[in-house]
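One-letter residues, chain by chain:
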Amino acid sequence: MTNGFFDSVDEVTERLAATGYLASPAIATTVFLADRLGKPLLVEGPAGVGKTQLAKAVSEAAGARLVRLQCYEGVDEARALYEWNHAKQLLRITAGRGEPWDEARTDVFSEEFLLPRPLLTAIRSEEPTVLLVDETDKADVEIEGLLLEVLGDFQVTVPELGTITAVRRPFTVLTSNAGRELTEALRRRCLFLHIGFPEEELERRIVTLKVPGLDAALAASVVRVVGALRAMDLRKVPSVSETIDWARTLLALGADRLDERVVRETLGVLLKHRDDIVRAGAQLDLDAV
């Protein structure tokens, strides 16, 4: 069973905007198709452009529960899928000392002793659910094999209990910063969406929405300067989240316009490497932006 969260692309746009997420037409269309087709959505793009926030916004817009698996190097099946409560199992076996092992085994490998982790939690959920597999590219390749079963058939096999199939498929979002190439097998199971840096007008609208009270002219200047920084050869260009942070910084400082002093003193909000700050300070021409 698919989710059926949204009835049209326009509805996706409107309901995400109501949560504070301004979606481009490409984002709204892909979210609608993932929802309508019941397919996982793989979202790639640089850090800070709103990949994780998209899953959160869908959850809020749909009134659905958000279940998150945060990936990292070394995450394993026990952290992603399920594990057994070994301490409780040991207590049960100790309490039943003298009991035949076949009887004890049937008991200790039952639902009472199972600890579901995010993937199994999402599969078993009977309420509307958004499953977020965040920063998939940071996990080891072996985890992708586990994801293939979960995302291919939306089911999980627990040897002691059998196969558990989703009653209601979760709306699934996988995010990746493209730190490593994901396997083609995983990609085939997903719809693909790339989120890059937004167009100037959309980013200005995002800043205005996220930083109420900021002067419209200053918001426009902020977005233009950030665009100029992204055009430079920097180690780490500013993300949308850093644009918003900079706008909030300027508002907190009471700045009503951008001048060289204000920009120089606050570049550390946008740029996180000393050589980037030095290069930007030398190359940025406020009069040209």
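Described in the following lines is the structure provided in the data block. Not measured: the values here are computed from a predicted model. (Residues numbered from 1 in each chain as written. Predicted model: local features only at pLDDT ≥ 70, side-chain atom pairs only at ≥ 80, totals over all residues. Heavy atoms only, no water.)

**Regarding the overall build of the chain**
Note the cut-off: Put simply, DSSP H or I for four residues or longer makes a helix, DSSP E for two residues or longer makes a strand, and each gets a number counted from the N terminus. Buried residues are those whose accessible area, probed at 1.4 Å on protein chains only, stays under 20% of the maximum for their type, while exposed residues exceed 50% and partly exposed ones sit between those limits. In this analysis, two residues are considered to be in contact whenever any of their non-hydrogen atoms come within 4.5 Å of each other. Each accessible area value is a Shrake-Rupley result obtained with a 1.4 Å probe; residue values ignore everything except the protein chains displayed when judging cover. Under the convention used here, Asp and Glu are negative, Lys and Arg are positive, and both His and the chain ends fall outside the count. Just so you know, the charge point we use is NZ for Lys, CZ for Arg, CG for Asp and CD for Glu.
Regarding its fold elements, the chain presents 14 helices and nine strands. In terms of principal-axis extent, the alpha carbons of the chain reach across some 85 × 45 × 35 Å. A burial count over the chain gives 47% of its 289 residues as buried. Sequence-distant contacts, at least 24 apart, represent 75% of the contacts inside the chain between residues at least 6 apart. Surface accessibility of the chain: about 14300 Å² in total, with carbon and sulfur atoms responsible for 50%. In the chain, 35 side chains carry a positive charge and 46 a negative one; their mean positions are 2 Å apart.

**Concerning the packing of aromatic side chains**
Defined as follows: To pair, rings of Phe, Tyr and Trp, with the six-membered ring standing in for Trp, must have centres within 6.5 Å; the planes then decide the type, stacked if under 30 degrees apart, edge-to-face if over 60, and tilted in the middle.
The final tally for this structure, using the stated rule, is three aromatic pairs. On the basis of an interplanar angle of 90° and a centroid distance of 6.3 Å, the ring pair of Phe-5 and Phe-6 is categorised as edge-to-face. Each member of the pair, Phe-5 as well as Phe-6, carries the same accessibility label: buried. Taking the centre distance of 6.3 Å and the plane angle of 85° together, the rings of Tyr-82 and Trp-84 count as edge-to-face. Judged by relative accessible area, which is 9%, Trp-84 ranks as buried. Clustering of aromatic rings is evident, with ring pairs tying together Phe-5, Phe-6 and Phe-171.

**Side note on the environment of Asn-85**
Filter applied, for reference: Polar contacts here mean pairs of N or O atoms no more than 3.5 Å apart (in protein, one a potential hydrogen donor and the other a potential acceptor; neighbouring residues in sequence count only if both atoms are side-chain atoms).
You can see Asn-85 is positioned in the loop between β3 (82-84) and α5 (86-95). Each C-alpha atom, one on Asn-85 and one on Leu-119, is 17 Å from the other, the two residues being 34 residues apart in sequence. Ignoring anything within four residues of it in the chain, the contact list for Asn-85 reads Phe-113 and Leu-115. For Asn-85, the side chain forms a polar contact with the main-chain nitrogen of Lys-88, separated by 3.1 Å.

**Considerations on the pattern of salt bridges**
Side chains carrying opposite charge are able to pair once their charged atoms draw close together. Rules: Criterion for a salt bridge: a side-chain nitrogen of Lys or Arg within 4 Å of a carboxyl oxygen of Asp or Glu.
Enumeration over the complete set of coordinates arrives at 18 salt bridges. In this structure, Glu-127 and Arg-65 form a salt bridge, with 3.9 Å as the shortest nitrogen-oxygen distance. Taken as a pair, Glu-127 in the loop between α7 (118-124) and β5 (129-134) and Arg-65 in strand β2 (residues 65-70) lie far apart in primary sequence, 62 residues in all. Between Arg-180 and Glu-144 there is a salt bridge, and its shortest N-O distance comes to 2.7 Å. Of the two residues, Arg-180 is situated in the loop between β8 (171-176) and α9 (184-188) and Glu-144 in helix α8 (residues 141-153); the sequence distance between them amounts to 36 residues. One continuous salt-bridge network, built from bridges that share partners, spans Glu-44, Glu-181 and Arg-187.

**Comments concerning the sheet that holds β8**
Heads up, the condition is: Only strands that DSSP links by at least two bridges are regarded as paired with each other. Each axis is a line fitted through C-alpha atoms, taken for helices only over the stretch in contact, and angles between the N-to-C directions span 0 to 180 degrees.
Overall, parallel pairing links the five strands, which are arranged β2-β5-β8-β1-β9 in an open sheet. Among the strands making up the open sheet, the edge pair consists of β2 and β9 (191-194). Direction aside, neighbouring strands of the sheet carry axes that sit 20° apart on average. Pairing geometry for strand β1 (residues 41-44) and β9, over four bridges, is parallel. Opposite Leu-41, over in β9, you have Leu-191 as the bridge partner. Sitting on the sheet, helix α2 (residues 25-37) touches β1, β8 and β9, and the angle it makes with β9 is about 160°.

**Digging into the nonpolar core**
Condition: We define the nonpolar core as a collection of buried residues of types Ala, Val, Leu, Ile, Met, Phe, Trp, Tyr and Cys that are connected through side-chain atoms lying within 4.5 Å of one another.
Within the largest apolar cluster, 32 residues are counted, with the highest numbers of intra-cluster contacts made by Leu-119, Val-133, Leu-147 and Leu-174. Among the elements that take part in this core, α8 stands out by supplying five residues, more than any other. If we ignore the near neighbours within four places in the chain, the residues touching Leu-147 are Leu-119, Val-133, Thr-136, Gly-152, Leu-174 and Leu-186.

**What to know about the side chain of Thr-136**
Structurally, the position occupied by Thr-136 is in the loop between β5 and α8. Each residue touching Thr-136, except ones within four places of it in the same chain, is listed here: Cys-71, Leu-147, Leu-174, Thr-175, Arg-180, Leu-182 and Leu-186.

**Notes on α8**
The condition that has to hold: To estimate how far a helix should reach, multiply one less than its number of residues by 1.5 Å. Here the bend at a residue is taken as the angle between two axes, fitted respectively to the seven residues that end there and the seven that start there.
With 13 residues, α8 should reach 18 Å at 1.5 Å per residue; the first-to-last C-alpha distance of 19 Å fits that figure. Leu-147 marks where α8 bends most, by close to 30°. Inspection of α8 places Ile-143, Glu-144, Leu-146, Leu-147, Val-150 and Leu-151 among the buried residues, and these make up the whole buried set. Tucked into the core, α8 has its buried residues touching α4 (77-80), α7, β5, β6 (155-158), β8 and α9.

**With respect to the state of the cysteines**
Spelled out, the test is: When two cysteine sulfur atoms lie within 2.5 Å, the pair is treated as a disulfide.
If you walk through the whole model with that rule in mind, you get zero disulfides. Sulfur of Cys-71: no disulfide; nearest cysteine sulfur belongs to Cys-190 and is 12 Å away. Exposure remark for Cys-190: the relative accessible area of 10% places this residue in the buried category.

Coordinates in, geometry out; function isn't part of it.
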